[in-house]
Amino acid sequence: MGEFEKVRKHFNTKITPEMKKFVDECVLTSSRYIFTHRSGRHQYGYCTHCQKDFENKETLKHGSVITCPECGSKCHVRASGKGHKHLRDFAYFVYYDKSIHDDKSIVAKGYFVERDYSGDIRSVETGYQIHAVYLFCPGEKGIMYQLNTWSKRWESHKSVYPLRRTTMAGMKNCVSLESISKAVRGTPFQYSTWEKYSDDDFVRFFSLAAQYPSVEYLTKIGFGEAIEAKLRGWPNYGSINWRGKSIQQVLRLPKQMIKPVIRSQEKINLQTLRMIQMACKDGSKFTTDEVIKIVQGIGGSIDPNDLGKASKPFTIRKTLNYLKKQTEKDKQFYNSPAGVLYMLADYQRFCKELGMDLNDEYIHFPPHLRRQHNNLMKQVEVQRDALLDKKILKRYRALKRYIFLANDLMIRPAKSAQELISEGEKLHHCVGTYVKSYADGETNILFVRRKSAPDVPYVTVEVRGNEIRQAYGHNDTLPTSMVKKFLDEFSMTKLNRKYEKRESLWA
Ligand SMILES: [Zn+2]
């Protein structure tokens, strides 16, 4: 059985009377027309909704909206005489059902519907085309298949998403909430708390609820914010263990913290929750109320995980105190503790790069952060340059075999970053940007110089895989015939290129 067949057995594609009613009353509500025609002195109307003919007491104007005297629907008036060649209404809707294969699962189907009034207005039918099917089985991630309208094949998607965000955007979109209520009844999804959320057509929600029973817990204890964030792709700071099997696991908290957290749940957002979790682990010994105040104080501008990272191996409490002190010390410079935190994180990265011991409290929290940050930044730059030159010198030694002299010219590899930069500056081309790739061995840069002036930039050559890729002189000009001849000889001698190929070199 193919993969799609496994899903296929869960649903049928019958258009039920309930679906028709939903389309008629909710999806294509504005697709109701009264077509008028004249006979003698009288005007007659035909309603596409109730399919009745009637004589009009007052003349109906083309383009107006009136209530059908027969069925009472709101209808758009169209004169039969005026063309309706392009009159076509369409929309997309999602309809839920119970699985017909497994009484714990539910399915959703996405239909494109249309009514085409371009032909005979008395025989307009509603066309249904199924475009997407979803299957939600408890304990598993939701499954989505979409019909490829060109190949007519069902293609699976890695993750579930609503078509109204992609191919069906830009038209009316509906979901039958009544069909959801009916579908979930008697299945584990009945308690999934879907009605508490707003999701496009709930396919993301049910995928989440199918995969994680924690969805139900979270709603019940008032942490629906985590679900909303997940549905919208917003961060939840790692504050939720979706796979958790108990409230303790889901909230990543020790038992004694569950009650105080749930009690203050209204004041606890996901950042606060994450901070409480980290403070429990690192020995900061904050009370829930303290953390709430702290997060309110820093205005939600700090990602708790960044704070945790900048604190290790010390406590968050210590870091927060430090941020406060530094802010006061350097008031004219920082406008928030978040600014200090990001500078601290930068500073600590420099420390690591320079091999300093961040377990030493004095290094971890320097007395004057900004001054020490700027000091280390300079040291890091110097160290980076030194490293780069070391690498380039190594490359120069490896490429020495390319050194070649003939007539009045010579060619040799670049020796240092400085040389590459000044070659670029003197010849006004961009070889200076190759410093890193040359150092890393991604490309080979060689200099052609006159024997009489070995230190003056003349022509720059890039060699890759035994082939000259580029050769440029001043302002990106191509080399003269003398230089070309020299490079051909170089290439034959040093790069082992065959003579007959050399013409193509300058093509
Ligand atoms: Zn009617």
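Each remark here, short or long, concerns the structure printed above.
These remarks concern the structure in this document. (Residues numbered from 1 in each chain as written. Predicted model: local features only at pLDDT ≥ 70, side-chain atom pairs only at ≥ 80, totals over all residues.)

Another point: the overall build of the chain. Each helix and strand in the chain was counted, giving 18 helices and 16 strands. By its C-alpha atoms, the chain is 105 × 75 × 55 Å across when sized along the principal axes. Within the span of the chain, comprising 507 residues, buried residues form 31% of the whole. Of all intrachain contacts in the chain linking residues separated by at least 6 positions in sequence, the fraction that spans at least 24 positions is 56%. (Helix = DSSP H or I, 4+ residues; strand = E, 2+ residues; numbered from the N terminus. Buried ≥ 20, exposed ≤ 12 C-beta atoms within 10 Å, placed from the backbone. Contact = placed C-beta atoms within 7 Å.)

All right, on to the nonpolar core then. Counting 85 residues, the largest nonpolar core has Phe-93, Tyr-134 and Phe-206 as the members making the most contacts within it. It is helix α13 (residues 337–353) that provides the largest number of residues to this core, a total of seven residues. No fewer than three residues from each of domain 1 (3–137 + 144–173) and domain 2 (298–394) sit in this core. For Tyr-134, the contacting residues outside a window of four places in its chain are Val-107, Ala-108, Gly-142, Ile-143, Met-144, Val-160 and Val-203. Counting 21 residues, the second-largest nonpolar core is a separate cluster that includes Ala-414, Ala-439, Ile-445 and Phe-490. (Core = buried A, V, L, I, M, F, W, Y, C linked by C-beta atoms within 7 Å. Domains from an automatic or database assignment.)

Quick look at the packing of α13 against helix α15 (residues 369–398) now. At a minimum axis distance of 9 Å, the contact between α13 and α15 shows a crossing angle of 40°. Two packed elements cross with a definite hand, and for α13 against α15 that hand is left-handed. Counting all contacts with α13, which are made through Val-340, Met-343, Leu-344, Asp-346, Tyr-347, Phe-350, Cys-351 and Glu-353, the residues of α15 involved are Leu-369, Arg-370, Gln-372, His-373, Leu-376, Met-377 and Val-380. Residue classes in the contact of α13 with α15 are distributed as ten nonpolar, two polar and three charged. (Axes fitted to C-alpha atoms, helices over the stretch in contact; angles between N-to-C directions. Left-handed = near helix turned anticlockwise from the far one by under 90°. Nonpolar A, V, L, I, M, F, W, Y, C, P; charged D, E, K, R; others polar.)

Here the amide bond leading from Lys-312 into Pro-313 is cis, since omega sits at 5°, within 30 degrees of zero. Structurally, Pro-313 can be placed in the loop between α11 (304–311) and α12 (316–329). Even without being a glycine, Gln-51 presents a positive backbone phi close to 60°. Along the chain, the position of Gln-51 falls in the loop between β2 (42–47) and β3 (53–55).

This part covers the environment of His-368. Within the secondary structure, His-368 sits in the loop between α14 (361–364) and α15. Judged by local crowding, His-368 falls into the exposed class, with 11 C-beta atoms found within 10 Å. Along the backbone, His-368 and Asp-330 are 38 residues apart, and their C-alpha atoms lie at a distance of 8.7 Å.

On to the pairing of β2. Where strand β1 (residues 33–39) meets β2, six bridges bridge the pair, whose relative direction is antiparallel. The residue bridging His-37 from the neighbouring strand is Tyr-44, located in β2. Counting the residues between successive antiparallel strands, the hairpin from β1 to β2 contains two residues, one of them, Gly-40, with a positive phi of roughly 65°. Linkage of β2 to β3, two consecutive antiparallel strands, is achieved through a turn of five residues, within which Gln-51 is found at a positive phi near 60°. (Pairing = 2+ DSSP bridges.)

Below, the discussion takes up the sheet that holds strand β12 (residues 404–406). Across the sheet, five strands lie side by side as β12-β13-β14-β15-β16; this open sheet has antiparallel pairing. Lying at the two open borders of the sheet, with one neighbouring strand each, are β12 and β16 (468–472). Each neighbouring strand pair of the sheet contributes to a mean axis angle of 20°, computed without reference to strand direction. As judged from the five bridges shared by strand β14 (residues 444–450) and strand β15 (residues 459–463), these two strands associate in the antiparallel manner. What sits directly across from Asn-444, in β15, is Val-463.

The subject of this paragraph is the sheet that holds strand β6 (residues 88–98). The six strands lie next to each other as β10-β9-β8-β7-β6-β11, forming an open sheet whose pairing is mixed. Every other strand in the sheet has two partners, leaving β10 (153–157) and β11 (172–175) as the edge strands with one partner each. On average, adjacent strands in this sheet sit at an angle of 25° to one another, irrespective of strand direction. Looking at chain direction, β6 and β11 are connected through four bridges and run parallel. Residue pairing for β11: Phe-93 is matched across the bridge by Cys-174. Each of β6, β7 (106–116), β8 (126–136) and β11 touches helix α2 (residues 17–27); the most contacted strand, β6, lies at about 135° to it. Where helix α3 (residues 177–184) meets the sheet, it contacts β6, β7 and β11, and its direction lies at approximately 15° from that of β6.

Quick look at α3 now. Listed in full, the buried residues belonging to α3 are Ser-179, Ile-180, Ala-183 and Val-184. Summarising the axial view, the buried residues of α3 lie within an arc of 120°, below the 170-degree limit, and thus occupy one face. Following α3 by one or two positions, Gly-186 adopts a phi angle in the positive range, close to 80°. (Arc of directions from axis to C-beta.)

To continue, consider the environment of Asn-444. Take Asn-444: it is sitting in strand β14. What makes Asn-444 buried here is the crowd of 21 C-beta atoms within 10 Å. Dropping the residues within four chain positions of it, Asn-444 is found in contact with Leu-399, Pro-413, Glu-462, Val-463 and Arg-464.

Between helix α9 (residues 270–282) and helix α10 (residues 288–297), whose axes approach to 9 Å, the crossing angle comes to 130°. It follows that α9 is oblique to α10 by the angle criterion. Of the two elements, α9 crosses α10, and the hand of that crossing is right-handed. Across the interface between the two elements, Gln-271, Thr-272, Met-275, Ile-276 and Ala-279 of α9 pack against Thr-288, Val-291, Ile-292, Ile-294 and Val-295 of α10. Counted by class, the contact of α9 with α10 contains seven nonpolar, three polar and no charged residues. (Parallel < 35°, antiparallel > 145°, perpendicular 65-115°, else oblique.)

Bridge count between β1 and strand β5 (residues 74–79): four bridges; the pairing is parallel. The residue of β5 that forms the bridge with Ile-34 is Val-77.

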